[in-house]
Amino acid sequence: AQSVTQLDSQVPVFEEAPVELRCNYSSSVSVYLFWYVQYPNQGLQLLLKYLSGSTLVESINGFEAEFNKSQTSFHLRKPSVHISDTAEYFCAVSEASGYSTLTFGKGTMLLVSP
Amino acid sequence: EPEVTQTPSHQVTQMGQEVILRCVPISNHLYFYWYRQILGQKVEFLVSFYNNEISEKSEIFDDQFSVERPDGSNFTLKIRSTKLEDSAMYFCASSPTGSNYGYTFGSGTRLTVV
């Protein structure tokens, strides 16, 4: 079984500042890792994923996450946030089989203010 | 872009009543899922459904829960006799292939049991 820990329930940040949302996981098998984002009144949208290969993965809107196997982490970063990045961010893990279910963290609310 | 549609967005029901949450998955998807998030807690897997039968379910998905694909477009989650602890956001998801890196989630139904 896998588990995910997102220690920060809320991260307030000013516009154009950098941000890091932390995610740690535990698993006895190889994993796939995901970040989902939920904007107000919308569904969960896949932001980026790590399946294999390069440990640094990027999204189209400037977020990146790095898979660190030794630290069992998959932190999400953005060098300069926008007001429109205000949303809830969920880290998730699954077995690296592609067909197992997702295990989510509790989510981190990113609050970007002017 | 194709969407997973969930209705209603918010439902209030009395304890002990039956409730049906509805989902319209993406039309060419074959795998369907329900997840839920109790306020302040993690998003949790409930059930997966393929080829008109349950393929996997969690321990949360007890006899009070059932799923059905009554026609070619809808996918429903029924809770037979709601309890206060069933209050949560319920997310439907669909996938074309069953691989967990191809999920599309709906925007959720917030169920409040009073």
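Residues numbered from 1 in each chain as written. Chains lettered and ligands numbered in written order. Predicted model: local features only at pLDDT ≥ 70, side-chain atom pairs only at ≥ 80, totals over all residues. Heavy atoms only, no water.

### Notes on the sheet that holds strand E8 (residues 75–79) of chain B
All names here are of chain B. Ordered in space as E1-E3-E8-E7, the 4 strands form an open sheet in which the pairing is antiparallel. Every other strand in the sheet has two partners, leaving strand E1 (5–7) and strand E7 (65–68) as the edge strands with one partner each. In this sheet, neighbouring strand axes are inclined to one another by 20° on average, regardless of whether the strands run parallel or antiparallel. Relative to E8, strand E3 (residues 19–24) is paired through 5 bridges, and the arrangement is antiparallel. From the neighbouring strand, Val19 faces E8, where its bridge partner is Ile79. (Pairing = 2+ DSSP bridges. Helix = DSSP H or I, 4+ residues; strand = E, 2+ residues; numbered from the N terminus. Axes fitted to C-alpha atoms, helices over the stretch in contact; angles between N-to-C directions.)

### Regarding the interface of chain A and chain B
The partner chain B presents 18 residues to the 23 residues of chain A that form the contact. On the chain A side of the contact with chain B, A:Leu44, A:Thr101 and A:Phe104 bury the most area, a combined 30% of that side's loss. Inspection of the chain A/chain B interface yields 0 salt bridges. Summed over the shared surface of chain A and chain B, the number is 2 residue pairs in polar contact (both at pLDDT 80 or more). Of all the secondary structure elements, the ones that give two or more residues to the side of chain A that touches chain B are strand E5 (31–38), strand E6 (44–50) and strand E10 (87–95) of chain A. (Contact = heavy atoms within 4.5 Å. Buried area = accessible area lost by both parts, 1.4 Å probe. Salt bridge = Lys/Arg side-chain N within 4 Å of Asp/Glu carboxyl O. Polar contact = N/O pair within 3.5 Å; in protein donor to acceptor, adjacent residues only side chain to side chain.)

### Some remarks on the nonpolar core
Membership of the largest hydrophobic core comes to 28 residues, with the highest contact counts inside it found for A:Trp35, A:Leu48, A:Phe74, A:Leu76 and A:Tyr89. For this core, the secondary structure elements donating two or more residues are strand E2 (10–14), strand E3 (19–21), E5, E6, strand E8 (64–68), strand E9 (73–78), E10 and strand E12 (108–113) of chain A. Every residue in contact with A:Tyr89, bar those within four places of it in the chain, is listed here: A:Gln6, A:Leu21, A:Trp35, A:Tyr36, A:Val37, A:Leu47, A:Phe63, A:Leu76, A:Gly107, A:Thr108 and A:Leu110. Listed in part, the 23 residues of the second largest apolar core include B:Val19, B:Cys23, B:Ile38 and B:Ile60. (Core = buried A, V, L, I, M, F, W, Y, C linked by side-chain atoms within 4.5 Å. Buried < 20%, exposed > 50% of the residue type's maximum accessible area, 1.4 Å probe, protein only.)

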